[in-house]
Amino acid sequence: MSTSGPMEGSSDRRQRRLLIVLVLGFVVFGAATAALFYMLQPETLRIAVGPSGSEDDQVVQVMSEAFEDESRTVRISPITTAGAVESLAFMGAGKADLAVGRSDLAMPTDAQTLAVLRKNFVVLWSPSGRPGKDSKKKAGGRIGEIADLVGHKVGIIGRTGANVALLQTILEGSGVQPDKVATAQFGTEEIEKLAQDTTLDAYLAVGPLDSKITAAAIAATSRSRGAPKFIPIDTSEAIALRHPRYEAEEIPGSVFNANPAWPEDKIDTISVNHLILARKELSETKAAAFYRQLFAVRDTITQRVAGAAHITKPDTEKEAEPSVHRGAAAVINGTERTFLDKYSDYFWFALLLLSGVGSVAAWLRRYLNRDERNDNDSHRNRVLAVVSDVRKARSEEELLAFQREVDAIIGETLTGYDDGAIEQEDMTAFALVLELFDHAVAERRVALQSDSVDQARAPGPTLASRR
């Protein structure tokens, strides 16, 4: 009737089960910790910009440093390229997440705007004449409008083909055939060469209104060829309507010089934006985080690179090319989705997943506890067998031995129930067997007591019988 063997086996199984639970707990904790660490890591976005040493490159380099110092959610990693065309190609090929480029350049079809790095204004002017002995000769002074450029030569500042294409668009929009106007391109470091070239009858620069290059070019040509005469683009609005990547603008009077005033009054022109671009597939969360951080550190960047002061938000009120990325537009328009809006689907999925995990855990628990359930069945069967033995017990000592055996079985069963190895319905069945055992013990005890009383009352042998 000893139960030490089964109890020791059950104890070993409980220890193994506890060890498995601890291991699983450590695995889940480690996975959760790793996931949290990964989620809290700043997102790094690669941004293509070039050429090296340009103002765009300087702004992005300082921007990268400012992001690293002040942002906990997003970082940027600059990739230096040969220029805007290559930068856009890098982004299109997936080698960069962001790119800096002009809006009128060929770009990936899914490119979208995150921010306006600067607005470039087209400035056209012609020399009024040569100082000194040739001052009476007004070689360029007769050019006062776009139509007058026919048969003349325009010096274009900047080696990019985009400026040549831009001039051709202006000529076509003004009713002038581009092939009737000659052009020559000069690097931004060739301002003096441009100013000394007497074959040029007009000049074109594309840049911010406070561009040092544009201001230097106007000043240099005025010294060698006379005061500038600014040429308005009267059809700027029509050009902007036909070419959505351009905008109709005005150049304020005296913006390039106050005395004398250059220009004397405001003049019509067109502008083209220099943009920070991203592919449409960039997630809304990442785009919004970049946009917020950019404008959070803009003042810091401006303190180190003056050109950063031109960074502005894109216009979401009108259709433009390329369109504004939905992440930036959500921040600008105040329609950014809340945390619950973004991740509600994930929450429902997590609930379903947890439900599935719970079912698997329940099955695993039942599987791991199968030995305990088998023991419980054997214990219940043993109690049933003891019930039969109780009914045959011949003494109170036997009844007490049976009760001690059942007490040990009850203790082990309760331990299994506390550990979760035995279910409630199993305990219900076990309780019925115990109730049957108690009735059997009580009945047999009454029977034994009755037999004792009968024996005590029975008469002893008579004298006659002794004889």
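Given the structure is predicted, the values throughout are model-derived calculations rather than measurements.

**A short note on the overall build of the protein**
Helix and strand counts for the protein come out as 15 helices and ten strands. Here the protein holds 467 residues, and the buried ones make up 42% of them. Of the accessible surface of the protein, which amounts to about 25600 Å², a share of 55% is contributed by carbon and sulfur atoms.

**Some remarks on the nonpolar core**
Soluble globular proteins tend to bury their nonpolar side chains together. Ranked by internal contacts, the top residues of the largest apolar core, which has 31 residues, are Met-63, Ile-276 and Phe-290. Looking at this core, the elements that each hand over two or more residues are β1 (43-49), α2 (55-70), β2 (74-80), β3 (98-102), β4 (111-127), β10 (267-279), α8 (284-296) and α10 (326-333). The next biggest cluster of nonpolar side chains, apart from the first, holds 23 residues, and it includes Ile-143, Ile-156, Val-164 and Ile-231.

**Regarding the packing of α2 against α8**
At their nearest, the axes of α2 and α8 sit 10 Å apart, and the two run at 100 degrees to each other. When the interaxial angle is binned, α2 and α8 end up roughly perpendicular. In contact with Met-63, Phe-67 and Glu-70 of α2, α8 contributes Phe-290, Gln-293 and Leu-294. Among the residues forming the contact of α2 with α8, the class breakdown is four nonpolar, one polar and one charged.

**A look at the layout of surface pockets**
The computed volume of the largest pocket comes to approximately 1100 Å³. For the lining of the largest pocket, the secondary structure elements donating two or more residues are α2, α3 (84-92), β3, β4, α4 (161-173), β7 (202-207) and α6 (212-225). Residue composition of the lining of the largest pocket, by class: 14 nonpolar, 16 polar and nine charged.

**Observations concerning the pairing of strand β5 (residues 153-157)**
If a strand is regular, its side chains alternate between the two faces of the sheet. Taking burial as the measure, the five residues of β5 include four buried ones, the bulk of the element. Two elements, β5 and strand β6 (residues 182-186), share five bridges in a ladder whose sense is parallel. Bridge assignment links Ile-156 to a residue of β6, and that residue is Gln-185. Crossover handedness for the path β5 to α4 to β6: right-handed. Pairing of β5 with β7 involves three bridges; the strand directions are parallel.

**A closer look at α10**
Taken together, the buried positions of α10 are occupied by Gly-327, Ala-328, Ala-329 and Ala-330. Those residues of α10 hidden inside the fold are in contact with β4 and α8. A positive phi of about 70 degrees marks Gly-334, the residue just after α10.

**Description of empty space enclosed by the protein**
Under the criterion given, the structure shown has two cavities of 30 Å³ or more. Here the second largest cavity is characterised by a volume of approximately 40 Å³. Residue lining of the second largest cavity: Glu-55, Asp-56, Val-59, Leu-117, Arg-118, Gly-307 and Ala-308, and that is the complete set. Of the residues forming the lining of the second largest cavity, the biggest block, three residues, is contributed by α2. Residue composition of the lining of the second largest cavity, grouped by class: three nonpolar, one polar and three charged.

**Observations concerning the side chain of Glu-247**
Examined against the element boundaries, Glu-247 turns out to sit in strand β9 (residues 246-251). In this structure Glu-247 comes out as buried when scored by relative accessible area, which is 18%. A polar contact is formed between the side chain of Glu-247 and the side chain of Lys-119, at a distance of 2.9 Å. A distance of 3.3 Å separates a polar atom in the side chain of Glu-247 from a polar atom in the side chain of Asn-273. Apart from residues lying up to four places away in sequence, Glu-247 is in contact with Lys-119, Ala-240, Thr-269, Ile-270, Ser-271, Asn-273 and Lys-318.

**Brief notes about the pattern of salt bridges**
According to the stated counting rule, one finds 14 salt bridges in the structure shown. Its salt-bridge partner being Glu-190, residue Lys-193 comes within 3.9 Å of it at the nearest N-O pair. The closest approach of N and O atoms between Glu-396 and Arg-445, which form a salt bridge, is 2.8 Å. Here Arg-445 lies in helix α14 (residues 424-457) and Glu-396 lies in helix α13 (residues 396-418), a separation of 49 residues in the sequence.

**Observations regarding α3**
Every α-helical turn comprises 3.6 residues, leaving residues that sit three or four positions apart pointing alike. Along α3, the positions that sit buried rather than exposed are Ala-84, Ser-87, Leu-88, Phe-90 and Met-91. One side of α3 holds all its buried residues, which, seen down the axis, span an arc of 155 degrees. Elements that come into contact with the buried residues of α3 comprise β1, β2, β3, β4 and β10. Of the residues flanking the end of α3, it is Gly-94, one or two places downstream, whose phi is positive at about 80 degrees.

**Side note on unusual backbone geometry**
Leave glycine aside and you will find that most residues have negative phi; peptide bonds, for their part, are mostly trans. The amide bond that connects Gly-50 to the next residue, Pro-51, takes the cis arrangement and shows omega of 0 degrees. Position of Pro-51 relative to the elements: it lies in the loop between β1 and α2. A positive phi angle, near 65 degrees, is found at Ser-254, a position not held by glycine. Its location among the elements puts Ser-254 in the loop between β9 and β10.

**Structural notes on the confidence of the model for the protein**
Regions with low pLDDT carry predicted coordinates that are not meant to be interpreted in detail. Mean pLDDT for the protein: 83, with 81% of residues reaching 70 or above. Taken together, the stretch residues 131-141 has pLDDT below 50 and engages in 16 contacts with residues farther than four places along the chain or on a different chain. Counting contacts from residues 463-467, a segment whose pLDDT is below 50, to residues more than four positions away or on other chains yields one contact.

**Regarding a nonpolar patch on the surface**
A surface patch of nonpolar side chains, amounting to about 270 Å² of accessible area, comprises Leu-19, Val-23 and Val-27. Relative to the helices and strands, Leu-19 is located in helix α1 (residues 4-40).

**Re the packing of α8 against α10**
Look at α8 against α10: their axes get within 7 Å of each other, and the N-to-C directions meet at 55 degrees. As judged from the angle between their axes, α8 and α10 are oblique. With respect to the hand of their crossing, α8 and α10 are arranged in right-handed fashion. Each of Glu-284, Ala-287, Ala-288, Tyr-291 and Arg-292 in α8 lies in contact with α10, whose residues at this interface are Arg-326, Gly-327, Ala-328, Ala-330, Val-331 and Ile-332. When the residues that make up the contact of α8 with α10 are grouped by side-chain class, the tally is seven nonpolar, one polar and three charged.

Definitions and cut-offs
- Residues numbered from 1 in each chain as written.
- Predicted model: local features only at pLDDT ≥ 70, side-chain atom pairs only at ≥ 80, totals over all residues.
- Heavy atoms only, no water.
- Helix = DSSP H or I, 4+ residues; strand = E, 2+ residues; numbered from the N terminus.
- Buried < 20%, exposed > 50% of the residue type's maximum accessible area, 1.4 Å probe, protein only.
- Areas by Shrake-Rupley, 256 points an atom, 1.4 Å probe, with all protein chains shown as cover.
- Core = buried A, V, L, I, M, F, W, Y, C linked by side-chain atoms within 4.5 Å.
- Axes fitted to C-alpha atoms, helices over the stretch in contact; angles between N-to-C directions.
- Parallel < 35°, antiparallel > 145°, perpendicular 65-115°, else oblique.
- Contact = heavy atoms within 4.5 Å.
- Nonpolar A, V, L, I, M, F, W, Y, C, P; charged D, E, K, R; others polar.
- 1 Å grid on protein atoms, 1.4 Å probe; cavity = no way out; pocket = protein on both sides within 12 Å on 5 of 7 lines; lining within 4 Å.
- Points joined across faces, edges and corners; volume = space filled by probe spheres on them.
- Pairing = 2+ DSSP bridges.
- Right-handed = clockwise from strand over helix to strand, strands pointing away.
- Polar contact = N/O pair within 3.5 Å; in protein donor to acceptor, adjacent residues only side chain to side chain.
- Salt bridge = Lys/Arg side-chain N within 4 Å of Asp/Glu carboxyl O.
- Arc of directions from axis to C-beta.
- pLDDT = per-residue confidence, 0-100.
- Patch = residues over 30% accessible without salt bridge, like charges linked within 9 Å, V, L, I, M, F, W, Y side chains within 5 Å.
- Left-handed = near helix turned anticlockwise from the far one by under 90°.

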